[in-house]
Amino acid sequence: MEDLEMTGNLIRDKSYEFALRIVKMYRYMINNNVEYGIAKQLLKSGTSIGANVEEGCSAQSRKDFIHKLSIAQKEAFETRYWLRLLKDSGEIQKEHGNSMLKDCDELISILTSILKTTKS
């Protein structure tokens, strides 16, 4: 896993920054009466990405590392779903939704790359 140290730092930083954006977006949605259930789902999945990456970075084995980052990847896919739903339903501005989706897709790409490299 040492060969992934640089990439690990990148995914840690990016997933943390993304989680901060998700928290701010959640506050905005609650203050603007966006449907609570969807907002809560987005908060849960969007912050879980970074939490699982953080756990993966302190994994006890390669198998544990793969497991944690696989969970982070699944949470990123779920987050992408909620963001698309919010954007396409008009609950959030299209520009903001596109920006969040771009960041989410970047996380998915990085996680996918790390998982492929680690599994091989």
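In this text the structure is predicted, and so the values were computed from the model without any measurement.

This next bit is on the pattern of salt bridges. By the definition in use, this model includes 6 salt bridges. R80 is the partner of D105 in a salt bridge, and the nearest nitrogen-oxygen pair spans 2.9 Å. Of this pair, D105 sits in helix α4 (residues 94-119) while R80 is found in helix α3 (residues 62-88), placing the two residues 25 residues apart along the sequence. What makes D105 partly exposed here is its relative accessible area of 31%. Residue K87 pairs with D88 through a salt bridge whose shortest N-O separation is 3.8 Å. By relative accessible area, which is 59% here, D88 ends up exposed.

With that settled, consider α3. If you check α3, its first and last C-alpha atoms are 39 Å apart, about what 27 residues at 1.5 Å a residue would give, namely 39 Å. Just past α3, the residue G90 takes up positive phi, approximately 85°.

Between α3 and α4, the least distance of the axes is 9 Å, while the angle of their chain directions is 160°. When the axis of α3 is compared with that of α4, the two are roughly antiparallel. As for the relative orientation of α3 and α4, their crossing is left-handed in sense. A breakdown of the residues in the contact of α3 with α4 according to their chemical character gives 14 nonpolar, 7 polar and 7 charged.

In this model, helix α2 (residues 36-57) (22 residues) spans 32 Å end to end at C-alpha, consistent with the 32 Å of a helix rising 1.5 Å per residue. Along α2, the largest kink reaches about 30° and is centred on S48. Among the residues of α2, I38, A39, L42, L43, S45, G46, S48, I49, G50, N52, V53 and G56 are the ones counted as buried.

Let us now look at the packing of aromatic side chains. Going through the model one piece at a time under the given rule, you end up with 1 aromatic pair. Here the aromatic rings of Y81 and W82 are separated by 5.0 Å at their centres, their planes lie at 75°, and the arrangement is edge-to-face. Exposure remark for Y81: the relative accessible area of 44% places this residue in the partly exposed category. Relative accessible area serves as the criterion here: at 14%, W82 is assigned to the buried category.

Conventions and cut-offs
- Residues numbered from 1 in each chain as written.
- Predicted model: local features only at pLDDT ≥ 70, side-chain atom pairs only at ≥ 80, totals over all residues.
- Heavy atoms only, no water.
- Salt bridge = Lys/Arg side-chain N within 4 Å of Asp/Glu carboxyl O.
- Helix = DSSP H or I, 4+ residues; strand = E, 2+ residues; numbered from the N terminus.
- Buried < 20%, exposed > 50% of the residue type's maximum accessible area, 1.4 Å probe, protein only.
- Expected span 1.5 Å × (residues − 1).
- Axes fitted to C-alpha atoms, helices over the stretch in contact; angles between N-to-C directions.
- Parallel < 35°, antiparallel > 145°, perpendicular 65-115°, else oblique.
- Left-handed = near helix turned anticlockwise from the far one by under 90°.
- Nonpolar A, V, L, I, M, F, W, Y, C, P; charged D, E, K, R; others polar.
- Bend = angle between axes of the 7 residues up to and from the residue.
- Phe/Tyr/Trp six-rings, centres within 6.5 Å; stacked < 30°, edge-to-face > 60°.

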